Amino acid sequence: MTDPRPPGAPPATFHRRMVALADRLPELREALADWLRTLGLTEERQEDVVLAGYEAMANSAEHAYRDAEAGPVDVRAETQNGRLTVTVTDYGAWRTPVATNGLRGRGLLLIDSLADHSAQVHREDGTTVTMTWLSGG
C-alpha cells in the first residue's frame, strides 16, 4: 500500500502512550507540540491545542488512577478535512468532581474554552476526552 501524502509531508496522525504520572507528562506534551509544529498551524492555535491536551493528560494523572497504581494514558491526534482532533484516553475510574475552593477544578472549563468542540465520555474502564479544532486557526 502506498502513502497518499506527498513526499516530505508531516504525518497525519500522532499517537503516544505513557504511564499517567505527573512528572512524565511534560515529555508527552512536548511530543505533541513537536508534531503540531509540522502542521503549519498558527502559533496561537498550537498553544491552544497543547494547553487543552495537557490539561486532559493532567486530569488523567491526577484523577483516573487515584485509588490504584498509575496506568496508561493514550494521546492521539489526527488532521483530516480541515479538522484537528485530539483524544486523551485513560483506563482508570471516573469520579464525579467535588466542590473546591474555586482555585482548582477548572480543567474541563479550560478545555471547553480552548477547543472549538470538546466532549468527555466516561466508561467503566476509563475516560476519553475528545477535543476538536476546525481549520482557520
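Everything here concerns the structure above.
What you see is a predicted model; the values in this text were computed from it and never measured.

S.K.: I keep staring at the pairing of strand β2 (residues 72-80) and nothing clicks. Help me out?
M.R.: Taken together, the seven bridges between strand β1 (residues 13-19) and β2 define a ladder with antiparallel strand orientation. Within β2, the position partnered with His15 by the bridge is Arg76. Pairing geometry for β2 and strand β3 (residues 83-90), over eight bridges, is antiparallel. Bridge pairing links Val73 to Asp90 in β3. Taken together, β2 and the strand that follows it, β3, pair antiparallel across an intervening segment of two residues, in which Asn81 is found at a positive phi of about 50 degrees.

S.K.: How should I be thinking about the nonpolar core in this particular structure?
M.R.: Generally speaking, a soluble globular protein has its nonpolar side chains buried in company with each other. Within the largest apolar cluster, 29 residues are counted, with the highest numbers of intra-cluster contacts made by Met131 and Trp133. Of all the elements in the fold, those that place two or more residues in this core are β1, α1 (25-37), α2 (43-64), β2, β3, α3 (107-114) and β5 (126-134). Broken down by element, the residue count for this core peaks at seven residues, all from α1. For Met131, the contacting residues outside a window of four places in its chain are Ala52, Gly53, Ala56, Leu84, Thr85, Val86, Val88, Ile111, Ala115, His117 and Ser118.

S.K.: Please clarify how the sheet that holds β5 should be interpreted in this entry.
M.R.: Ordered by their spatial adjacency, five strands build an open sheet running β1-β2-β3-β5-β4, and the pairing between neighbours is antiparallel. Here the strands that pair on one side only, and so sit at the sheet edges, are β1 and β4 (117-123). Averaged over all pairs of adjacent strands, the angle between strand axes in this sheet comes to 10 degrees, irrespective of strand direction. Here α2 sits on the sheet and contacts β2, β3 and β5; the angle it forms with β5, its principal contact strand, is near 175 degrees. Relative to the sheet, α3 contacts β4 and β5, its axis offset from that of β4 by approximately 140 degrees.

Rules of the game
- Residues numbered from 1 in each chain as written.
- Predicted model: local features only at pLDDT ≥ 70, side-chain atom pairs only at ≥ 80, totals over all residues.
- Heavy atoms only, no water.
- Pairing = 2+ DSSP bridges.
- Helix = DSSP H or I, 4+ residues; strand = E, 2+ residues; numbered from the N terminus.
- Core = buried A, V, L, I, M, F, W, Y, C linked by side-chain atoms within 4.5 Å.
- Buried < 20%, exposed > 50% of the residue type's maximum accessible area, 1.4 Å probe, protein only.
- Contact = heavy atoms within 4.5 Å.
- Axes fitted to C-alpha atoms, helices over the stretch in contact; angles between N-to-C directions.

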